[in-house]
Amino acid sequence: MKKIYFDHNATTPVAEEIFEAMVSYLSDEWGNPSSIHWAGRAPKKAIDEARENVSALLNCTPQEVIFTGSGSEGNNLAIKGTVFSRKAKGNHIITTRVEHPSVMSTLKYLEREGFEVTWLDVDTEGMIDLAQLEKSITPKTVLITIMSANNETGVILPVGEIGRIARAHKVLFHTDAVQAAGKVPLNVKDINCDLLTISAHKLYGPKGVGALFVKRGVRVVPIIHGGHHERRRRGGTENVASIVGLGKACEMALRDMDEVSSRVRALRDRLEKGLMEKIPYTTRNGHPENRLPNTANLGFEFVEGESLLLNLDMLGIAASSGSACTSGSLEPSHVLIAMGIRPELSHGSVRFSLGRVNTAEDVDYLLNKMPPIVERMRSMSPLWSAEEGKRAEISFEEKGH
Amino acid sequence: MKKIYFDHNATTPVAEEIFEAMVSYLSDEWGNPSSIHWAGRAPKKAIDEARENVSALLNCTPQEVIFTGSGSEGNNLAIKGTVFSRKAKGNHIITTRVEHPSVMSTLKYLEREGFEVTWLDVDTEGMIDLAQLEKSITPKTVLITIMSANNETGVILPVGEIGRIARAHKVLFHTDAVQAAGKVPLNVKDINCDLLTISAHKLYGPKGVGALFVKRGVRVVPIIHGGHHERRRRGGTENVASIVGLGKACEMALRDMDEVSSRVRALRDRLEKGLMEKIPYTTRNGHPENRLPNTANLGFEFVEGESLLLNLDMLGIAASSGSACTSGSLEPSHVLIAMGIRPELSHGSVRFSLGRVNTAEDVDYLLNKMPPIVERMRSMSPLWSAEEGKRAEISFEEKGH
Amino acid sequence: MYSEKVMNHFSNPRNVGEVENANGVGTVGNPQCGDIMKLTIRVEDDIIKDVKFKTFGCGAAIATSSMVTELVKGKSLDEAEKISNATVAEALDGLPPVKMHCSNLAADALHSAIEDYKKNESK
Amino acid sequence: MYSEKVMNHFSNPRNVGEVENANGVGTVGNPQCGDIMKLTIRVEDDIIKDVKFKTFGCGAAIATSSMVTELVKGKSLDEAEKISNATVAEALDGLPPVKMHCSNLAADALHSAIEDYKKNESK
Ligand SMILES: Cc1ncc(COP(=O)(O)O)c(C=O)c1O
Ligand SMILES: Cc1ncc(COP(=O)(O)O)c(C=O)c1O
């Protein structure tokens with residue numbers, strides 16, 4: 001069966017050159033980098049080099065990089081690590097309604113712990129209002145945490161401006177750059193951020209490793225206390241092989257980003273344009289320009305996302321749904337809801353996220369296979385009147401929930 | 001050069017069969033286990049199987065296993081995850097003076113946050129007094145956290161009895177079993193513990209992955225908040241390859257433990273006896289019987305540990321020092337100090353920790369090479385009077401520190 | 001995630017559409033959950049002669065809709081009324097726990113259709 | 001961790017032992033840190049004619065001891081007094097930061113030995 005992967009925002013294939021770089025640290029060079037003896041030497045050198053590679057991508061110093069066990073850990077460390085120790089200054093945090101669960105759940109937890117959180121609204125295109133942001137800052141504000149790019153829609157937030165506002169008000173600024181990294185240029189100096197999160201498995205690297213940039217002079221309290229590792233900011237024997245993978249991923253991202261991004265953008269545009277032309281009642285979710293080059297989030301009226309994805313999967317096409325249906329929650333996507341999209345339409349939204357391996361043939365396969373699927377599903381949908389080619393009049397008993 | 005590894009308590013070589021099991025999840029099967037489509041299917045199945053393997057080693061149910069990013073994370077989650085949410089009940093925690101830094105630093109942090117910690121003393125053999133433990137329990141005690149076996153001395157603590165005492169007083173009991181796992185039988189039912197930590201890289205698996213057993217019904221608040229992963233107790237895309245490695249490591253440990261442990265014990269005894277016979281003024285640190293079969297911690301009077309290790313390393317022998325000299329701290333080992341060992345002697349203590357790859361030849365090589373090294377170092381030591389073959393009379397100005 | 005039987009009904013759903021000359025219609029669901037089911041039945045002599053569904057919903061919703069039509073076709077109203085959402089889930093070799101609540105409404109749709117039929121009859 | 005020069009002095013230390021007929025002895029250190037250094041010197045006509053060390057300590061402690069003996073042999077007391085712990089570390093192409101404080105006491109031992117010599121002289 002054909003296998004076409006349009007779900008690179010969920011995770012990316014591990015690039016062969018990254019895998020090759022990792023292998024020796026899972027076989028011959030298995031030593032503990034803290035060891036004084038021969039076994040520790042190569043692993044120590046390897047993580048030093050990886051740190052250089054990460055810092056080169058972000059334009060910071062190696063000392064400003066903390067290796068973490070995931071993007072989620074990075075976000076948790078950035079947020080909890082800064083706000084708890086600044087309670088004397090204040091307990092107010094500013095964020096948006098469209099953050100990743102690792103930021104959102106952390107902030108909901110902090111609300112229960114007595115912090116106050118301002119959840120900035122987004123408009124129908126997923127953008128925040130900078131004036132609104134600035135107005136939300138109070139003398140008690142200790143942290144602004146806003147993602148660089150949204151994982152579901154690909155919308156790029158104006159982190160440069162946010163950074164300037166934060167700086168002007170002397171408030172710390174953290175950005176979750178897990179999706180932006182490797183797809184658009186990232187530079188902590190331009191962004192003016194104090195903390196920035198990345199994760200290797202969105203960059204063709206392994207799962208279970210990430211990095212947090214922490215600007216020199218910004219104190220973070222560990223969430224994993226332990227020994228001397230990572231300058232006492234994250235305990236635990238270093239995950240050498242994965243750190244090497246992350247380093248290599250950053251090196252590759254820096255090297256290939258321009259070429260890959262422009263190629264992927266052309267494919268994404270072809271895909272988006274093609275589906276919108278071929279399938280009536282299809283809408284684009286998210287800002288048309290300010291977004292990642294690889295992501296298209298499309299709403300197909302009158303059909304439900306999970307079913308659509310299962311049908312695509314039966315043809316070997318991997319994509320994902322705005323809704324976290326598969327993940328144990330039946331809520332429609334909080335991102336699409338925040339953008340004011342109707343629940344039925346947000347349930348019928350699909351994210352196509354492309355990557356370096358995709359080709360024009362992949363896109364054309366989708367453009368051929370998908371329209372009949374949607375047509376068949378619409379013919380089964382009580383929300384669709386096939387005869388009239390429009391929304392069906394329907395009323396129903398509310399059940400479930 | 002010969003390479004002989006006697007530092008298995010620091011980390012273990014990755015076993016070939018574990019490496020082989022991991023490889024496909026870093027290459028072909030790179031999918032996200034939460035994905036609904038083809039890419040997620042094999043990874044999902046793989047982590048389910050790994051969970052079975054971990055639970056088989058510990059004798060618990062798969063639902064009671066949380067995958068973590070390290071032993072350190074497991075310890076942090078076990079401790080912070082239980083005590084913060086039990087503040088209403090009390091703020092008292094009981095531990096020992098010989099815990100791993102990931103437990104010790106966590107508890108020191110909690111002390112600063114208003115918790116009260118009882119640090120139980122150990123005797124000269126590294127054992128705690130159970131009566132003392134029981135007396136320390138107050139109505140405000142919410143957690144007892146005591147390691148199963150010490151990483152520096154290998155001393156095995158009486159976790160079965162501790163578990164019974166904890167149960168009798170209705171106090172939660174966590175044990176850091178990172179060193180005990182795979183070396184001695186572990187069974188959460190026998191131990192009567194509520195939480196138990198393990199780490200793969202002490203079990204011939206990869207670094208950067210571990211597991212925490214959490215008994216059914218015991219609530220833990222995440223330290224890494226995020227999505228639905230690990231039943232909402234630990235956010236982040238699952239580190240599939242490493243989890244597979246951990247699962248395989250547990251399977252191997254269960255299968256091979258008896259055979260490996262008795263073989264390793266014989267080698268350890270030969271090493272220990274040999275060195276004590278051949279090198280005068282050598283003492284054993286830790287209980288002679290109640291300890292891991294693979295660990296020997298020996299104090300060599302009048303010489304300093306780091307120098308000794310460097311000299312051994314020049315001959316290809318990897319061991320480690322009780323002192324964390326290399327790791328940025330110049331304090332003598334807190335474990336040996338807690339056992340009442342003089343600072344100079346604790347500085348001159350070396351941990352030999354054996355593993356499945358070691359042979360009698362390895363041990364004999366050490367027994368041949370080490371005595372002349374110690375002799376040469378003693379001849380350079382102002383604490384040693386070569387002429388008289390005993391401690392030198394020496395007085396000095398206190399400098400440094 | 002889904003059992004083979006669920007996938008079978010999902011990819012090859014039975015009795016899709018709307019019964020012509022239906023004398024009972026039940027539509028239930030919740031757009032929040034993303035599942036809306038419409039069941040149409042033709043009852044003759046207290047027997048469900050024909051039944052069809054239209055469903056907007058996830059894999060479980062479509063499979064349960066399909067399954068319920070198979071279960072009731074040719075059954076008496078009394079028998080049909082005994083069918084619960086749990087019966088349907090069982091007939092499909094189970095559903096993922098998270099799907100039990102929202103997406104398993106096909107029996108509700110059936111009962112609603114039967115009620116509608118009875119209301120129509122009693123007019 | 002250590003520079004080549006440190007490892008060279010560590011594995012091949014110069015001037016180990018005690019000077020016979022020493023007229024100055026300096027012993028400094030701290031057993032907490034695990035470093036104790038004893039320097040013996042033979043001074044003639046204000047020149048350090050001979051110098052030897054004994055050290056209980058880590059790699060850095062042994063290398064700095066060895067290096068300081070090389071640096072001062074044949075030097076006048078005035079010149080020797082100008083040598084600081086930093087001079088020694090530099091001569092070894094640097095030391096790991098954590099080793100700068102505790103394990104780099106060789107110059108202190110030297111100064112203590114010179115002081116001892118002067119005290120002996122003035123008796
Ligand atoms: C007793 C003990 N607990 C915890 C740990 C921490 O494990 P990890 O290195 O996986 O964080 C170690 C080893 O480093 C250990 O020996
Ligand atoms: C925007 C964003 N932040 C954070 C994460 C979390 O990264 P990880 O899966 O490495 O925990 C993800 C992806 O899962 C993401 O898309």
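Quick note: structure is the one above.
In this text the structure is predicted, and so the values were computed from the model without any measurement. (Residues numbered from 1 in each chain as written. Chains lettered and ligands numbered in written order. Predicted model: local features only at pLDDT ≥ 70, side-chain atom pairs only at ≥ 80, totals over all residues. Heavy atoms only, no water.)

A. Representation of the overall build of chain C. Helix and strand content of chain C: five helices and three strands. Counting from the amino terminus, helix and strand elements in chain C follow one another as α-β-β-β-α-α-α-α. For 123 residues, the compact-globule estimate of 2.2 N^0.38 gives 14 Å, and chain C sits close to it at 13 Å. Each principal axis of the C-alpha distribution contributes one length, and for chain C these read about 45 × 30 × 25 Å. Counting all 123 residues of chain C, 60% fall into the buried class. For chain C, restricting intrachain contacts to residue pairs at least 6 apart in sequence, the fraction spanning at least 24 positions comes to 60%. Charged side chains in chain C number 14 positive and 18 negative. The centres of these two groups are separated by 3 Å. (Helix = DSSP H or I, 4+ residues; strand = E, 2+ residues; numbered from the N terminus. Rg over C-alpha atoms; globule rule 2.2 N^0.38 Å. Buried < 20%, exposed > 50% of the residue type's maximum accessible area, 1.4 Å probe, protein only. Contact = heavy atoms within 4.5 Å. Lys, Arg positive; Asp, Glu negative; His and termini not counted. Charge placed at Lys NZ, Arg CZ, Asp CG, Glu CD.)

B. Looking closely at the site of ligand 1. Lining the immediate environment of ligand 1, one finds 16 residues, of which Thr237 of chain A together with Ser72, Asp176, Ser199 and Lys202 of chain B sit closest. More than one chain reaches ligand 1: its neighbouring residues belong to chains A and B. One nitrogen or oxygen atom from the main chain of Gly71 of chain B is found 2.8 Å from an oxygen atom belonging to ligand 1. His100 of chain B places a side-chain nitrogen or oxygen 3.3 Å from an oxygen atom of ligand 1. If ligand 1 stood free it would expose 390 Å²; the protein chains cover 96% of that surface. Here the shell around ligand 1 gets three residues from one element, more than from any other, and that element is helix H3 (residues 71-83) of chain B. Here the residues of the shell around ligand 1 are counted per class, giving two nonpolar, 12 polar and two charged. (Near = heavy atom within 4 Å. Polar contact = N/O pair within 3.5 Å; in protein donor to acceptor, adjacent residues only side chain to side chain. Areas by Shrake-Rupley, 256 points an atom, 1.4 Å probe, with all protein chains shown as cover. Nonpolar A, V, L, I, M, F, W, Y, C, P; charged D, E, K, R; others polar.)

C. Geometry of the arrangement of the chains. Of all three pairs of chains that touch, the greatest number of contacts is found between chains A and B. Kept free of each other, chain B and chain C leave a smallest C-alpha distance of 8 Å between them. Taking C-alpha atoms only, the smallest gap left between chain A and chain D, which are not in contact, amounts to 8 Å.

D. A look at the side chain of Lys202 of chain A. All names here are of chain A. Checked against the element boundaries, Lys202 lands in the loop between strand E7 (195-199) and strand E8 (210-214). No salt bridge is formed by the buried Lys202, whose closest oppositely charged neighbour, Asp7, lies at an N-O distance of 8.1 Å. Residue contacts for Lys202: discarding those within four places in its chain leaves Asn9, Ala10, Thr12, Val178 and Gln179. (Salt bridge = Lys/Arg side-chain N within 4 Å of Asp/Glu carboxyl O.)

E. Fine view of the packing of helix H10 (residues 305-314) of chain B against helix H2 (residues 59-72) of chain D. Running from N to C, H10 of chain B and H2 of chain D point in directions that differ by 90°, and their axes come no closer than 7 Å. Classified by the interaxial angle, the pair formed by H10 of chain B and H2 of chain D is roughly perpendicular. Judged by residue contacts, Glu306, Ser307 and Leu310 of chain B of H10 of chain B engage Gly59, Ala60 and Ile62 of chain D from H2 of chain D. Grouping the constituent residues of the contact of H10 of chain B with H2 of chain D by class yields three nonpolar, two polar and one charged. (Axes fitted to C-alpha atoms, helices over the stretch in contact; angles between N-to-C directions. Parallel < 35°, antiparallel > 145°, perpendicular 65-115°, else oblique.)

F. Structural detail: the sheet that holds strand E3 (residues 47-56) of chain D. Read across the sheet, four strands follow the order E16(B)-E1(D)-E2(D)-E3(D) without closing on themselves; strand pairing throughout is mixed. Looking along the sheet, the strands with just one partner apiece sit at the ends: strand E16 (397-398) of chain B together with E3 of chain D. The strands touched by helix H5 (residues 106-122) of chain D are E16 of chain B together with strand E1 (24-30), strand E2 (35-44) and E3 of chain D; relative to E1 of chain D, the strand with the most contacts, the crossing angle is about 145°. (Pairing = 2+ DSSP bridges.)

G. The interface of chain A and chain B, seen in detail. The interface is formed by 62 residues belonging to chain A together with 62 residues belonging to chain B. Roughly 5000 Å² of surface becomes buried between chain A and chain B when both sides are summed, with 65% attributable to carbon and sulfur atoms. For chain A, the biggest contributors to the area lost against chain B are Trp30, Trp38 and His225 of chain A; these three give 16% of the whole. In this structure, the salt-bridge partner of Arg41 of chain B is Asp313 of chain A, at a minimum N-O distance of 2.4 Å. The tally of links from chain A across to chain B stands at 24 residue pairs in polar contact (both at pLDDT 80 or more). Listing elements by their share of the side of chain A that touches chain B, those giving two or more residues are strand E1 (4-5), helix H1 (16-23), helix H2 (38-58), helix H3 (71-83), helix H4 (101-112), helix H10 (305-314) and strand E11 (317-318) of chain A. Sort the elements by how many residues they give to the side of chain A that touches chain B and H4 of chain A lands first, with five residues. (Buried area = accessible area lost by both parts, 1.4 Å probe.)

H. Representation of the site of ligand 2 in the model. With respect to spatial proximity, 16 residues lie near ligand 2, and among them Ser72, Asp176, Ser199 and Lys202 of chain A together with Thr237 of chain B are the closest. More than a single chain frames ligand 2: its nearby residues are located in chains A and B. His201 of chain A is positioned such that a nitrogen or oxygen atom in its side chain is 3.0 Å from an oxygen atom of ligand 2. One of the side-chain nitrogen or oxygen atoms of Thr237 of chain B is found 2.5 Å away from an oxygen atom of ligand 2. Considering every element that reaches the shell around ligand 2, the biggest residue donor is H3 of chain A, with three residues.

I. Up close: the pairing of strand E8 (residues 210-214) of chain B. All names here are of chain B. The element E8 is largely enclosed, with a buried count of five among its five residues. Here E8 shows a buried face lined by Gly210, Leu212 and Val214 and a second buried face lined by Ala211 and Phe213. Two strands pair when backbone bridges link them, and strand E2 (residues 65-68) and E8 are joined in this way by four bridges, in the antiparallel orientation. Residue pairing in the sheet places Thr68 in a bridge with Gly210 of E8. In terms of strand pairing, strand E7 (residues 195-199) meets E8 through five bridges, oriented antiparallel. Paired with Leu196 across the bridge in E8 is Phe213.

J. Representation of the pattern of salt bridges in the model. Residues and elements named next belong to chain A. Under the defined criterion, the tally for this structure stands at 56 salt bridges over all chains. Residue Lys44 is joined to Asp48 by a salt bridge in which the shortest nitrogen-to-oxygen separation is 3.1 Å. Taken together, the positions of Lys44 and Asp48, both in helix H2 and four residues apart, correspond to about one turn of that helix. Exposure remark for Asp48: the relative accessible area of 35% places this residue in the partly exposed category. Glu73 is the salt-bridge partner of Arg234, the closest N and O atoms lying 2.7 Å from each other. You can see Arg234 sitting in the loop between helix H8 (229-232) and helix H9 (240-278) and its partner Glu73 sitting in helix H3, a full 161 residues away along the chain. Of the residues examined, Glu73 reaches a relative accessible area of 0% and is grouped as buried. Each of Glu17, Arg255, Asp256 and Arg356 takes part in one network of salt bridges that share partners.

K. The arrangement of the environment of Lys54 of chain C in detail. Tracing the backbone shows Lys54 of chain C in strand E3 (residues 47-56). Placed 27 residues apart in sequence, Lys54 of chain C and Thr27 of chain C show a C-alpha to C-alpha distance of 9.3 Å. In this structure Lys54 of chain C touches Ser379, Met380, Ser381, Pro382 and Trp384 of chain A together with Gly17, Glu18, Ile36, Met37 and Lys38 of chain C, once residues within four positions along its chain are discounted.

L. Highlighting the relation of the copies chain A and chain B. With an axial shift of 0.0 Å and an RMSD of 0.1 Å, the rotation relating chain A to chain B amounts to 180°. The transformation relating the two chain copies, once decomposed into turn and shift, fits a two-fold axis. Scanning chain A for the C-alpha nearest the rotation axis identifies Gly69 of chain A, at a separation of 2.8 Å. Take the interface residues of chain A: 100% of them recur as interface residues in chain B, which is what a same-surface contact looks like. (Least-squares fit on C-alpha atoms with pLDDT ≥ 70 in both.)

M. Molecular detail of unusual backbone geometry. Unusually for a residue other than glycine, Asn59 of chain B sits at a positive phi of about 65°. Following the sequence through the fold, Asn59 of chain B ends up in the loop between helix H2 (38-58) and E2. For Asp46 of chain D, which is not glycine, the phi torsion reads 60° and is therefore positive. Looking at the secondary structure, you find Asp46 of chain D in the loop between E2 and E3.

N. Structural context of the interface of chain C and chain A. Listed as interface residues are 34 residues of chain C and, on the opposing side, 33 residues of chain A. Taken over both partners, the interface formed by chain C and chain A buries close to 2800 Å², and the fraction arising from carbon and sulfur atoms is 65%. If you sort the residues of chain C by the area they bury against chain A, Gln32, Lys54 and Phe56 of chain C come out on top, with a joint share of 22%. In this assembly, chain C and chain A are joined by one salt bridge. Between Glu306 of chain A and Lys99 of chain C there is a salt bridge; the shortest N-O distance is 2.7 Å. Connecting chain C to chain A are 10 residue pairs in polar contact (both at pLDDT 80 or more). Classifying every residue of the side of chain C that touches chain A gives 18 nonpolar, 12 polar and four charged. For strand E16 (residues 397-398) of chain A and strand E1 (residues 24-30) of chain C, the ladder comprises two bridges, and the chain directions are parallel. Looking at the pairing, Glu397 of chain A lines up with Val28 of chain C of E1 of chain C.

Remember, this is a structural readout, not a statement about activity or role.
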